[in-house]
Amino acid sequence: MSVSIDFAAGDLSRDGMCVLRGALDPATIFALAADLAPSFALTPMCRGVFYGHRTRRFGALLRRSPHAEALVRHSAVLAIVERMLLPWCERIALNLTQAVEIHPGALAQLPHRDQDMWAGPKGSMEYLVNVMWPIDPFTHENGGTRLWPGSHVDQDLAELLEKDAVVPGLAPGDALLFLGSTLHGGGGNLSDAPRRGVIVSYCLGWLKPFELQWLVYPPAIARHFSPELAALVGYAQHRPNLGNVEGQCPSILLGESVPEYLGAIDALRPDQEAQTAAFLIGRRD
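Right, let's walk through the structure included here.

What counts as what
Residues numbered from 1 in each chain as written. Predicted model: local features only at pLDDT ≥ 70, side-chain atom pairs only at ≥ 80, totals over all residues. Heavy atoms only, no water. Axes fitted to C-alpha atoms, helices over the stretch in contact; angles between N-to-C directions. Helix = DSSP H or I, 4+ residues; strand = E, 2+ residues; numbered from the N terminus. Parallel < 35°, antiparallel > 145°, perpendicular 65-115°, else oblique. Left-handed = near helix turned anticlockwise from the far one by under 90°. Contact = heavy atoms within 4.5 Å. Nonpolar A, V, L, I, M, F, W, Y, C, P; charged D, E, K, R; others polar. Core = buried A, V, L, I, M, F, W, Y, C linked by side-chain atoms within 4.5 Å. Buried < 20%, exposed > 50% of the residue type's maximum accessible area, 1.4 Å probe, protein only. 1 Å grid on protein atoms, 1.4 Å probe; cavity = no way out; pocket = protein on both sides within 12 Å on 5 of 7 lines; lining within 4 Å. Points joined across faces, edges and corners; volume = space filled by probe spheres on them. Pairing = 2+ DSSP bridges.

1. A short note on the packing of helix α1 (residues 2-15) against helix α5 (residues 75-85)
Packing of α1 against α5 leaves a shortest axis separation of 10 Å and a crossing angle of 50 degrees. One way to sum up the angle between α1 and α5 is to call them oblique. Where α1 crosses over α5, the handedness of that crossing is right-handed. For the pair α1 and α5, contact is made by Ser-2, Ile-5, Asp-6, Ala-8, Ala-9, Leu-12 and Ser-13 and by Ala-76, Ala-79, Ile-80, Arg-83 and Met-84, respectively. Looking at side-chain class alone, the contact of α1 with α5 contains eight nonpolar, two polar and two charged residues.

Next comes the structure, spelled out in structure tokens:
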């Protein structure tokens, strides 16, 4: 699997996008879709040009279906995401889980880069990686995601020609990965049926996520997650000491009982621990 991850990570770095064919058993996607069906039926259409007046969107998928974890914690996807993001962070974090249903008559979405939600410098680092998991087959006709390969290289290009966009054909079980620096947008749905898909997004662990994971999954919910999933949604510190609760890892909140008084505990990177130890030895000398 490491070879396939190497190739996929290389494609993602070069083109700003890549596709993993057959990454999941379609049965998992269909089971997830069945769990999400009531939310698709009851969620109102979006308001606003960007989200789309003929589009439904909702998040908190880990709360709506146990099958969502198979997408969020897909081992090959996580390995590729970490290749892209770990140069700029100590750990990655879940940025959002979102289901999208684009209805017939929906217009094409404004091309955009998802990293632009953060105001930091662009072009020298990557902020996030998106993963699109189709529930229905994605085609050009039904509003499949449009992407501009190579658009991540020059962050000053605000708009590219529509004819230069590609719409990867995707089947349930496939995964489309693209960088937050890649220009993209949902397509217009020219078919006579809705097009459904799920977006799972990962960001640098020190960023404020698009979907506030700690509110979406408060301790009463997150304590039923696996430790790895709980850490991914934010119940872990980003060293040094970022995102703590009373100076301790926020996973302390997932226990059956939380002490009223907590003592702060260092959470330093290895290089910082070594620097601190050298400093203390120097003082003794």
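2. Examining the nonpolar core
One recurring pattern in soluble globular proteins is that nonpolar side chains are buried together. Of all hydrophobic cores here, the largest spans 59 residues; its most connected members are Leu-62, Trp-133, Val-198 and Tyr-202. If you look at the next biggest cluster of nonpolar residues, it comprises twelve residues, including Leu-96, Ile-102, Ala-106 and Ile-199.

3. Some thoughts on the environment of Phe-279
By the secondary structure assignment, Phe-279 is in helix α9 (residues 270-284). With relative accessibility at 52%, the residue Phe-279 sits in the exposed group. Considered as a pair, Phe-279 and Phe-50 are 229 residues apart in the sequence and their alpha carbons are 52 Å apart.

4. Observations concerning the layout of surface pockets
To find leftover empty space, a probe the size of one water molecule is rolled over the atoms. Approximately 660 Å³ is the volume attributed to the largest pocket. As for the largest pocket, its lining consists of 35 residues, of which Phe-50, Tyr-51, Arg-57, Gln-109 and His-112 are closest to the centre. Within the residue set of the lining of the largest pocket, elements represented by two or more residues are β2 (55-58), β3 (92-102), β4 (128-134), β7 (184-185) and β8 (195-204). Of the residues contributing to the lining of the largest pocket, the split by class is 15 nonpolar, 14 polar and six charged.

5. A short note on the pairing of strand β6 (residues 175-179)
Taking burial as the measure, the five residues of β6 include five buried ones, the bulk of the element. Side chains Ala-175, Leu-177 and Leu-179 of β6 all project onto a buried face; the interleaved residues Leu-176 and Phe-178 project onto the opposite face, where all are buried too. Pairing of strand β1 (residues 17-20) with β6 involves four bridges; the strand directions are antiparallel. In the sheet register, Cys-18 faces β6, and the bridge partner there is Leu-177. Sheet topology places β4 next to β6; four bridges connect them, and they run antiparallel.

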